[in-house]
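So you can see what is in the structure, the chains are spelled out below.
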Amino acid sequence: MVFNSIDFLLFFPILYFLYCIVKKRSQNLLLLVGSYFFYGYWDYRYLSLLLLSTVIDYIASLGIENNRDNAHTKKLYLALSIFSNLTILGFFKYYNFFTLSAKVALQSIGLNTSPILLEFALPLGISFYTFQTMSYTIDVYRGHLKPTRNILDFALFVSYFPQLVAGPIERATNLLPQILNERVITYEDIEKGIFLILFGFFKKVYVADNISIIIDPIFADSGASGSMVLFACIAHTFQIYGDFAGYSDIARGLSKLMGIELMRNFNHPLLSRNLGEFWRRWHISFMSWLRDYVYFSLGDKTSSELRKNINNLFVFFLSGLWHGANWTFVIWGSISGIVNLTYKYLNPYLPGISEDRNKVTNFIIHVSGIILTFLAVTLPLIFFRSQSIEMSFTQINSLLTNFGSLEPKLISKLFKIVALLMVVEIYQYIKEDEFSIFQLPIYVRTGLYLSLFYSTIILGNFNQNAFIYFVF
Amino acid sequence: MHLFTSYFKKSPAFFYTLLFIFIFEVFLHFIPNLYYLDGTGSFFVYYKRNVIENYKENYDILLLGDSRSLSLMGVKGDNNNPSLYNLSLPAAGPWYYKYLLKKYLNYHEKPKLIVWAADPMILGFGKTGKLNLNPNLWNEFKHRLLNLFTYAETWEQYEGKELFFISKEYLSQSLYSVRFRQAMESILGARVPALLKGESALYSRNKEIAALVEKTNGQINLGDFFFAPEGASEEEAKKWIKMNQSGDVDPEPLVQFLDYCKTENIKVVILNLPKVIGIINTPFQNKVKSIYLSNSEKYSNVTYIEFETMEYPPSDFGESIHYSPKGEKVLNKEFLEKIYPQMVEITKDVKK
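What you see is a predicted model; the values in this text were computed from it and never measured. (Residues numbered from 1 in each chain as written. Chains lettered and ligands numbered in written order. Predicted model: local features only at pLDDT ≥ 70, side-chain atom pairs only at ≥ 80, totals over all residues.)

Enquirer: Lay out the overall build of chain B in plain terms, naming residues and giving numbers.
Expert: Tallying secondary structure elements over chain B gives 16 helices and seven strands in all. Across the 352 residues of chain B, 35% fall into the buried class. (Helix = DSSP H or I, 4+ residues; strand = E, 2+ residues; numbered from the N terminus. Buried ≥ 20, exposed ≤ 12 C-beta atoms within 10 Å, placed from the backbone.)

Enquirer: Tell me about the overall build of chain A, and name the residues and values.
Expert: Along chain A, the regular secondary structure elements total 19 helices and zero strands. Over its C-alpha trace chain A gives a radius of gyration of 23 Å, about what one expects of a compact globule, namely 23 Å for 472 residues. Seen through its principal axes, chain A has C-alpha atoms that stretch 70 × 65 × 50 Å. In chain A, which comprises 472 residues, the share counted as buried stands at 40%. Put simply, of all contacts in chain A between residues at least 6 apart along the chain, 76% involve residues at least 24 apart. (Rg over C-alpha atoms; globule rule 2.2 N^0.38 Å. Contact = placed C-beta atoms within 7 Å.)

Enquirer: How would you sum up the sheet that holds strand E1 (residues 61–64) of chain B? Please name residues and give values.
Expert: Residues and elements named next belong to chain B. The strand order E2-E1-E3-E4-E6 describes an open sheet built from five strands, whose pairing is parallel. Every other strand in the sheet has two partners, leaving strand E2 (84–86) and strand E6 (302–306) as the edge strands with one partner each. Here the strands of the sheet are splayed against their neighbours by 20 degrees on average, with no regard to which way each runs. Relative to E6, strand E4 (residues 267–272) is paired through five bridges, and the arrangement is parallel. Bridging from a neighbouring strand, valine 269 pairs with threonine 303 of E6. Sitting on the sheet, helix H16 (residues 325–347) touches E1, E2, strand E3 (113–116), E4 and E6, and the angle it makes with E3 is about 140 degrees. (Pairing = 2+ DSSP bridges. Axes fitted to C-alpha atoms, helices over the stretch in contact; angles between N-to-C directions.)

Enquirer: Let's hear about the environment of Thr456(A): which residues, and what values?
Expert: All names here are of chain A. Position of threonine 456 relative to the elements: it lies in helix H19 (residues 442–459). For threonine 456, a count of 23 C-beta atoms within 10 Å gives the class buried. Between the C-alpha atoms of threonine 456 and glycine 200, which are 256 residues apart in sequence, the distance is 9.9 Å. In contact with threonine 456, other than residues within four places in its own chain, are Phe201, Phe202, Val205 and Tyr206.

Enquirer: Can you lay out the interface of chain A and chain B for me, pointing to particular residues and giving the numbers?
Expert: Residue-level contacts link 18 residues of chain A with 20 residues of chain B. Counting residues per element, the ones that place at least two in the side of chain A that touches chain B are helix H1 (6–21), helix H9 (187–219) and H19 of chain A. Per-class residue counts for the side of chain A that touches chain B are 13 nonpolar, two polar and three charged. (Nonpolar A, V, L, I, M, F, W, Y, C, P; charged D, E, K, R; others polar.)

Enquirer: With reference to specific residues and values, describe unusual backbone geometry.
Expert: All names here are of chain A. The backbone phi angle of glutamate 432 is positive, close to 55 degrees, even though this residue is not glycine. Secondary-structure assignment places glutamate 432 in the loop between helix H18 (408–431) and H19. With 9 C-beta atoms packed within 10 Å, glutamate 432 lands in the exposed category.

Enquirer: Can you explain the nonpolar core? Please cite residues and give values.
Expert: Generally speaking, a soluble globular protein has its nonpolar side chains buried in company with each other. The biggest cluster of nonpolar side chains holds 102 residues, and the ones touching the most others in it are Phe157(A), Leu198(A), Phe202(A), Val207(A), Ile211(A), Ala232(A) and Ala235(A). Among the elements that take part in this core, helix H10 (residues 226–257) of chain A stands out by supplying 17 residues, more than any other. Here this core spans two domains, and each of domain 1 (6–183) and domain 2 (188–471) of chain A adds at least three residues to it. When sequence neighbours within four positions are dropped, the list of residues in contact with Ala235(A) reads Ile211(A), Ile214(A), Ile215(A) and Leu414(A). Membership of the second largest hydrophobic core comes to 68 residues, among which are Leu72(B), Phe180(B), Leu202(B) and Phe335(B). (Core = buried A, V, L, I, M, F, W, Y, C linked by C-beta atoms within 7 Å. Domains from an automatic or database assignment.)

Enquirer: Any chance you could break down the packing of H19(A) against helix H2 (residues 12–29) of chain B for me, citing the residues and the numbers?
Expert: Their axes nearest at 8 Å, the elements H19(A) and H2(B) cross at an angle of 50 degrees. The pairing of H19(A) with H2(B) is recorded here as oblique in orientation. In the packing of H19(A) onto H2(B), the handedness of the crossing is right-handed. Facing Ile442(A), Arg445(A), Thr446(A), Tyr449(A), Leu450(A) and Phe453(A) of H19(A), the residues of H2(B) in contact are Pro12(B), Ala13(B), Phe14(B), Tyr16(B), Thr17(B), Phe20(B) and Ile21(B). (Parallel < 35°, antiparallel > 145°, perpendicular 65-115°, else oblique. Left-handed = near helix turned anticlockwise from the far one by under 90°.)

Enquirer: Which residues make up the pairing of E3(B), and what values do they have?
Expert: Residues and elements named next belong to chain B. Here E3 shows a buried face lined by Leu113 and Val115 and a second buried face lined by Ile114 and Trp116. The pairing of E1 with E3 spans four bridges and is classified as parallel. By the bridge assignment, leucine 62 is partnered in E3 with isoleucine 114. Where E3 lies against E4, four bridges are found, and the strand directions are parallel. Opposite tryptophan 116, over in E4, you have isoleucine 270 as the bridge partner.

Enquirer: Report on the confidence of the model for chain B, specifying residues and quantitative values.
Expert: Residues with a pLDDT of 70 or more make up 89% of chain B, whose mean pLDDT is 86. Predicted complex, confidence summary: ipTM 0.81, pTM 0.85. (pLDDT = per-residue confidence, 0-100.)

Enquirer: Residue-level account of the domain arrangement of chain A, with values.
Expert: All names here are of chain A. Each assigned domain of chain A is listed here: domain 1 (6–183) and domain 2 (188–471). Inter-centroid distance (C-alpha atoms) of domain 1 to domain 2 is 26 Å. Facing the 25 residues of domain 1 at the interface are 24 residues of domain 2. Elements that contribute at least two residues to the side of domain 1 that touches domain 2 include exactly H1, helix H4 (71–108), helix H5 (126–142), helix H7 (161–164) and helix H8 (172–180).

Enquirer: Which residues make up helix H4 (residues 96–107) of chain B, and what are the values?
Expert: All names here are of chain B. Taking 1.5 Å as the rise per residue, H4 with 12 residues should run 16 Å; its terminal C-alpha atoms sit 17 Å apart, in good agreement. Within H4, the full set of buried residues consists of Tyr96, Tyr97, Leu100, Leu101 and Tyr104. For H4, the buried positions fall inside an angular range of 140 degrees around the axis, keeping them on one side. (Expected span 1.5 Å × (residues − 1). Arc of directions from axis to C-beta.)

Enquirer: Describe H18(A), naming the residues involved and giving the relevant values.
Expert: All names here are of chain A. Its 24 residues give H18 an end-to-end C-alpha distance of 33 Å, which sits within 8% of 34 Å, the value for a rise of 1.5 Å per residue. Of all the bends found along H18, the most pronounced is centred on valine 418 and spans about 45 degrees. Residues of H18 that are buried include every one of Leu414, Ile417, Val418, Leu421 and Glu425, and no others. (Bend = angle between axes of the 7 residues up to and from the residue.)

Enquirer: Account for the environment of Leu448(A), naming residues and giving values.
Expert: Residues and elements named next belong to chain A. One can find leucine 448 in helix H19. Accessibility expressed as a C-beta count within 10 Å gives 21 for leucine 448, which makes it buried. For the pair formed by leucine 448 and leucine 100, sequence separation is 348 residues and the distance between their alpha carbons is 50 Å.

Enquirer: Tell me what's going on with the packing of helix H13 (residues 305–323) of chain A against helix H14 (residues 327–346) of chain A, and back it up with residues and numbers.
Expert: The description of two packed helices rests on the angle between their axes and on the distance between the axes. Residues and elements named next belong to chain A. Look at H13 against H14: their axes get within 7 Å of each other, and the N-to-C directions meet at 150 degrees. What the angle tells us is that H13 and H14 run roughly antiparallel. Pair H13 / H14 crosses with right-handed handedness. For the pair H13 and H14, the contacting residues are Asn309, Asn312, Leu313, Phe316, Phe317, Ser319, Gly320, Leu321 and His323 in the first and Phe329, Val330, Trp332, Gly333, Ser334, Ser336, Gly337, Asn340 and Leu341 in the second.

The structure is reproduced here in structure tokens:
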């Protein structure tokens, strides 16, 4: 089930009504049943994977807890969890990719093979819930968390529907206590929740899905001029932000209505002044997951500079691979890593904001930083968006050799789509508070809510309703 | 209730937003002929729905069909000639005709004759159920069914999964701003003074179409609007001929329609329209024709009629389906001179 569907419009109010009238213990059971329904509505057969992952991590975490003093057994239980989750993920998401890649590699040395390929759809959200459950057992292993003995509560942690299929990838240390304890729904939660839902739908249905109408033909056109490709890349950055941040906002908003606080997944990344800041603001739950469970596992502060750099590149490589079973994603991740590393060494030579400079100079430096960061993030996304590596190179070639001219109409279309989004984002960014909107006069807020609502339902694109990150 | 009012006291902006939405949506209900500002596809369905629900005239002959039969000229009628109204609509599957007729009968006296002029292709969807649940196709065409019938009228047409599906679709239309999205878009995109003068592009176009359809008793030739005047190419025609080489036929929608007409004691003509050269004798077309013929034998109130010339050159078609301006002239000449008189003959002994 997707948020921007009539099905969800029916599902959530019913669930929410029941949620508000039943007692706390029943609330968890209700949410669990609702979450399984939400997931199974797409394809009930894949619920078995969710259940499998739940049972394995439940057993593994208790195994770790019961063997606190036995390092070897503890490690075995952790290995069971990680191995099982990666096997599920690897088999369902990467089997065809690696098999076909191996076939091509063997072909290049003259060996022809006919491997068996899997012919079923990628289970929705598999990359999200496997990472979430792995973090749970790792946290238990590290002693950051006591495992829950109630399997229903744990199952709800794994399958909690607002963030099940596209994140945020929650940490058990944040979500599980909220599941275990009494939840209180405040007026503030409701107000913030509704705003997040409204803004999330606007980002997804109005911004992201309308941009897709403009740029899909450009990315499909191998003869597109360089200026068109550059335009499409810039628009694509807004699209993917609108799509993914929109989903996260809706997930957080729905949770707030139920008294559950999910972690913030995007913190105005498009207004980052440098790359380091960008990656701290973009897909926060995933990037911090990689930092905490991969990067820190590969080394620590005492590691050599070279080692740190290699680890950093590896994390970006992994990020690319996580996003999709295709070499385009791997290349995108790797290039992003290289760009990030380059920035790290260039940074000391770049002008920064300083009190010694006047306001205008600081403002220019600030805005230049935002634009350069935006471009540094946007250009590698050619690989992220393209259907194939060949197409990516064709479009890069157009950028370098056939820049051509751009239809002004396209720029004005994009401007119309992103203008309100950026006005709100910039206001929130300046105020350093995503709910700073609530401080505005009533008539401005009312106007904003109406603009978000009617832009979404009148001008939004409801024909393309799948969220991009569902397939990751 | 207390929780509700307390909430809005604490969040007045949300309260004002909801209040505005409520007032605005109610206001839209009272705008007359709002559909004139909508996209032409939606407008046309609403226009014909309005003919059914609000026009007082009772037509002697009612022609039901799709976008191709829309080209057939209506007849105003007088003491000697029965009136003919072309109630054809752009294609929306084969099942809705029975319910369209039922709807018409709820508002009007029984016509003397009903003409089934839908293209044989509509019986080629196979046994896929009443709704074709291909999401892309549905998104493209849903307005035709949703705008034609009320929810109550829809309720009796479907059951099970299909009823659930279409109910959800109606739910999304409950807000007028959603139902008339294109109208809202045209309002947002137009300059207000121009809009007040009725100069919105969609409004002008729809008004022009309405004036035309009023004159022709429901007829409009889509080829005059959407396709190049020089007509279809040979290549294009070949594509359609190829499509007609195979395909399953499901006669059930036609049979149900004929059963209904029999129950209502209404005479029926099944009318087969000319097609691009090469199509008429393809296996698919032959299969449908044999169904037409067998049903005209089975039902005493049913007559099968076809044009003398059943094959037109590609240049008489816009894209091998809809008639070009030239093709429409040829078609209507024969229709009015030869087909309509046959219909008049059939209606002669029918008393209203």
